[in-house]
Amino acid sequence: MKSAMHFSCGGGVYTAEALTDEYVSKGTIVVLKEARPYTALDSDGHDAVYRLKHEEHVLSELQDTGFVPQVFGMLRAWENLYLVMEKIPGNNLKHECMLRTPILKPAPWKLDNAAFGQWVDHTVSQLDKAMSLFHRHGWLLGDIHPKNIIMENGVNPKFIDFEFAHKMDKGWRIKQIAPGYGPLTGFTGTDADFCSLGLLELDMLLPQATITDQGNEGSIIRIARHAQSHLDINEDSIESIIQKTSKNTQLSLDQRAVNLASIEDLIHGLARGIKAHLHFDEGATVALPGDIELFGPNAVQASVGYPYGVAGALSTLALAGDPIDSASVQKASQWILNHLSGVKNRGFAGKDGLEYGLRMAGFDELAREAHSLPVANPINPTYWSGWAGVGLNDLSIGSNKSYDELFLASSKLQNMLTNDVECESAGLLYGWSGAALLWAEIYRTVDRDEKYVDYALHAIQNDIKKCVLTQNMTMEYDEKWRTLPYLGTGSCGIAIALYALRKATGECLLDKEYESLVRACTYYQCAQGTYAYGMSGFLTFLNAKDDKSKLEYQVINSYCDSLRLFIIPSKGGFYVRGNQGLKLSCDFLTGSAGVLGSLAALQGKWSGIPFLSWNDSLDIRKEVHNGKQRS
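Cut-off values and rules
Residues numbered from 1 in each chain as written. Predicted model: local features only at pLDDT ≥ 70, side-chain atom pairs only at ≥ 80, totals over all residues. Heavy atoms only, no water. Helix = DSSP H or I, 4+ residues; strand = E, 2+ residues; numbered from the N terminus. Rg over C-alpha atoms; globule rule 2.2 N^0.38 Å. Buried < 20%, exposed > 50% of the residue type's maximum accessible area, 1.4 Å probe, protein only. Salt bridge = Lys/Arg side-chain N within 4 Å of Asp/Glu carboxyl O. Pairing = 2+ DSSP bridges. Axes fitted to C-alpha atoms, helices over the stretch in contact; angles between N-to-C directions. Contact = heavy atoms within 4.5 Å. Expected span 1.5 Å × (residues − 1). Parallel < 35°, antiparallel > 145°, perpendicular 65-115°, else oblique. Left-handed = near helix turned anticlockwise from the far one by under 90°. Nonpolar A, V, L, I, M, F, W, Y, C, P; charged D, E, K, R; others polar. Polar contact = N/O pair within 3.5 Å; in protein donor to acceptor, adjacent residues only side chain to side chain. Domains from an automatic or database assignment. Buried area = accessible area lost by both parts, 1.4 Å probe. pLDDT = per-residue confidence, 0-100.

Peer 1: With reference to specific residues and values, describe the overall build of the protein chain.
Peer 2: A count of helical and extended segments in the protein chain gives 23 helices and 16 strands. In terms of overall dimensions, the protein chain is globule-like: its C-alpha atoms have a radius of gyration of 27 Å, near the 25 Å expected for 631 residues. Overall size of the protein chain, expressed as C-alpha extent along the three principal axes, is 85 × 55 × 50 Å. Burial statistics for the protein chain: of 631 residues in total, 59% are counted as buried.

Peer 1: Lay out the pattern of salt bridges in plain terms, naming residues and giving numbers.
Peer 2: Oppositely charged side chains are able to pair whenever their charged atoms sit close together. Overall, the coordinates contain 30 salt bridges when judged by the stated rule. The shortest N-O distance in the salt bridge between Lys275 and Asp322 comes to 2.7 Å. Of the two residues, Lys275 is situated in helix α8 (residues 263-276) and Asp322 in the loop between α10 (310-319) and α11 (326-339); the sequence distance between them amounts to 47 residues. Put simply, Asp547 and Lys545 hold a salt bridge, and the shortest N to O gap is 3.0 Å.

Peer 1: Go over the sheet that holds strand β6 (residues 90-92) with me, naming the residues and quoting the values.
Peer 2: In spatial order, the strands read β6-β8-β9; together these three strands make up an open sheet with antiparallel pairing. The sheet is open, and its two edges are formed by β6 and β9 (156-159), each paired on a single side. Between one strand and the next, the sheet's axes are offset by a mean angle of 30°, whatever the strand orientation. Relative to strand β8 (residues 149-152), β6 runs antiparallel, the two sharing three bridges. Its bridge partner being in β8, Gly90 is matched across the sheet by Glu152. Running over the sheet, helix α2 (residues 93-100) touches β6 and β8 and is turned about 100° from β6.

Peer 1: Got a sec to walk through helix α17 (residues 451-464)? Specific residues and values, please.
Peer 2: Across its 14 residues, α17 extends 20 Å between first and last C-alpha, which sits within 8% of the 20 Å expected from 1.5 Å per residue. Within α17, ten of the 14 residues are buried, which leaves the element mostly enclosed by the surrounding structure. The set of residues buried in α17 consists of Tyr452, Val453, Tyr455, Ala456, Leu457, Ala459, Ile460, Asn462, Asp463 and Ile464. Tucked into the core, α17 has its buried residues touching α15 (404-418), α16 (433-445), β11 (467-469), β12 (475-478), α18 (491-505) and α19 (511-519).

Peer 1: Before we move on, could you go through the packing of α10 against helix α12 (residues 351-361) and cite the residues and values that matter?
Peer 2: One way to put it is that α10 packs onto α12 with a least axis distance of 8 Å and a crossing angle of 30°. Judged by the angle between their axes, α10 and α12 are roughly parallel. The interaxial crossing formed by α10 with α12 has left-handed handedness. Together, Ala311, Leu314, Ser315, Ala318 and Leu319 of α10 and Leu354, Gly357, Met360 and Ala361 of α12 make up the contact between the two elements.

Peer 1: Let's hear about the sheet that holds strand β13 (residues 483-484): which residues, and what values?
Peer 2: The strands that make up a sheet pair up through hydrogen bonds in the backbone, lying either parallel or antiparallel. Read from one edge of the open sheet, three strands run β11-β12-β13, paired in antiparallel fashion. Sheet topology places β11 and β13 at the edges, where each strand pairs with a single neighbour.

Peer 1: Can you explain the packing of α10 against helix α22 (residues 592-602)? Please cite residues and give values.
Peer 2: Packing of α10 against α22 brings their axes to within 9 Å, and their N-to-C directions diverge by 30°. One element, α10, and the other, α22, form an angle in the roughly parallel class. When you trace α10 past α22, the crossing you get is left-handed. Touching Ala313, Thr316 and Leu317 of α10 are Ala593, Leu596 and Gly597, all from α22. The residue inventory of the contact of α10 with α22, partitioned by class, reads four nonpolar, two polar and no charged.

Peer 1: So, the pairing of strand β3 (residues 29-35): which residues are in play, and what are the values?
Peer 2: In terms of burial, β3 is largely enclosed, as six of its seven residues are buried. The sheet contact formed by strand β2 (residues 13-17) and β3 spans five bridges and is antiparallel. Bridging from a neighbouring strand, Thr15 pairs with Val31 of β3. The pairing of β3 with strand β5 (residues 80-86) spans six bridges and is classified as antiparallel. From the neighbouring strand, Ala35 faces β5, where its bridge partner is Leu81.

Peer 1: Kindly report on the side chain of Ser240, identifying the contributing residues and their values.
Peer 2: The residue Ser240 is located in helix α6 (residues 235-245) in this model. Separated by 2.6 Å, the side chains of Ser240 and Lys244 make a polar contact. The residues contacting Ser240, other than those within four sequence positions of it, are Val124 and Asp128.

Peer 1: A description of α22 should follow, citing residues and the corresponding values.
Peer 2: Taken across its eleven residues, α22 has ten buried, putting it largely inside the fold. Check the buried side of α22 and you find it contacts α8, α10, α20 (535-544), α21 (550-563), β15 (573-577) and β16 (584-585).

Peer 1: Mind laying out the domain arrangement of the protein chain, listing which residues take part and the relevant values?
Peer 2: Along its sequence, the protein chain is organised into domain 1 (3-86) and domain 2 (93-251). When domain 1 packs against domain 2, the two sides together hide about 1700 Å² of surface, and 60% of this comes from carbon and sulfur. For the pair domain 1 and domain 2, the number of links is five salt bridges. A salt bridge links Lys175 to Asp44; the shortest N-O distance between them is 3.2 Å. There are twelve residue pairs in polar contact (both at pLDDT 80 or more) connecting domain 1 and domain 2. Of all the elements, helix α1 (residues 48-61) adds the most residues to the side of domain 1 that touches domain 2, at seven residues. Considering only residue class, the side of domain 1 that touches domain 2 consists of six nonpolar, five polar and eight charged.

Peer 1: Outline the environment of Ile223, supporting the account with residue identities and numerical values.
Peer 2: You can see Ile223 is positioned in helix α5 (residues 219-230). Contact partners of Ile223, with chain neighbours within four places excluded, come to Leu202, Leu206, Gln208, Ala209, Thr212 and Leu565.

Peer 1: I'd like a rundown of the environment of Leu565, residues and numbers included.
Peer 2: Examined against the element boundaries, Leu565 turns out to sit in the loop between α21 and β14 (568-570). Relative accessible area serves as the criterion here: at 3%, Leu565 is assigned to the buried category. Distance in space between the C-alpha atoms of Leu565 and Cys97 is 20 Å, their sequence separation being 468 residues. Not counting residues up to four positions away in its chain, the partners in contact with Leu565 are Leu206, Gln208, Ile211, Arg222, Ile223, His226 and Gln525.

Peer 1: Give me the confidence of the model for the protein chain: which residues, what numbers.
Peer 2: Averaged over all residues, the pLDDT of the protein chain equals 93, while 97% of them reach at least 70. Across residues 616-631 the pLDDT falls below 50, and counting only partners more than four positions away or on other chains, this stretch makes 32 contacts in the model.

Encoded structure:
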């Protein structure tokens, strides 16, 4: 064994060197695929060993196609079975495409990339040829996704992983699918394989391809035509993709409505979708669909709070100018009141985010109830559940009061900064950037003591230390196996804090770092359209800047166009998929409320960043607190 390529409960995949000439020449590097007996039972009751034997049989019958790795035999070591295969030199299709595509580059973009277009045209042709050959040999693949295809030397596709391949059967469709790539409803047999292949090929062009399942098939044509009009792709390749995936090659009325929608139309459509799914039933722990946090250990807090729950949705609806009706207000008030006792944390995720959201939604009495909740003080510095969230909420109230909690939060944060307290990541939610944002806003609106500038710079540099400069000359949070540019976790959150500090001081602080942080917010496309981990977060930050360049205006306009590709129309409302694009979500961080909030900010209805009022009353408070200079 040389290294592990993949682990699973059914067995790993390894690179290995032959020590004898039994299977291949001594010294040859091969791939060993392992199967452990009685593990990883599938829906048919077959274990990993059964499937590996089946895979060896299928591969043996497909050897002459030229589109599969060479098989050298099988061996058993102790109880485990191993398939010995050729090691293909190259990346999987997903990785290879990411290296070549022009859409994963920061602005200014060069989308008319002829080399990429030629590579796509060649790859689509080769993939289609391979699938036809497999079918001609009597096999259906089923399990088709870009990580199951290795691009030999970057150009020749080799399919791997045939555990679920099935003998030719016009009525068969695979039960175990990779989300986003499974055959659409109504496709079976060879049509199902080609449908999955078409989705995979569409994914080579734009990431929104993986949200076209689960009843959203109508988006395929919109996404394909967008790619055709913006990228240098041969029309034959586009038509081939549409023909494989769509039974109707014309845009439906609801899909056409998304294409033609103005920003105001998108806002009203998203608001209708959220309100259609707000249900304040007595005894229900979840009032609207959101992400997995609604079912975790802090489910009640998540359900009632701002990031994943009711407070964020109600607040965003109100700020967007489309609040719930008076009949729903009564039901919502009682439901929220019944769930307040489940709030256990401070910060944006807990009591402070809840109070802020209720105030913004006009639920002032409930906001006061939330303010009085007996929740323990935080033990971390973050915006998410720490002192930064506490202080920013206190600052957001904006009344003539002493700001006791604001300065307590600042004091606690100063001690943590001095003692080098580590945050779990970098960015607005979980890094030091939340604290930097607080100090920048204190300096801008309440107290012109230079110490707050020093604290903010120190906090920002703490987060910058966790970033790397990528090959795109963008500064992004380094997770060691990937880099993240996003608002929630990533460099966009750092950019927000640094922008706030530059805005407060009027100085071009950390100019080089700022430029590379902002550049990371200008990628042409994102895998998701959401607020915390996608395009809406970038849009929110770029729109909030009052020093926008001509190029940044172009990026904003492009994002408004591209966000439509994430929109799923249904029953009169507009929706987006949540984290990883797996299910519809109406929450703020990962769902349609966050997209709604970004678009509302674009229209100047709020700052787009919870606790901040850069566009309205916070600027007025400069006069209110002019006499409260602290030394």
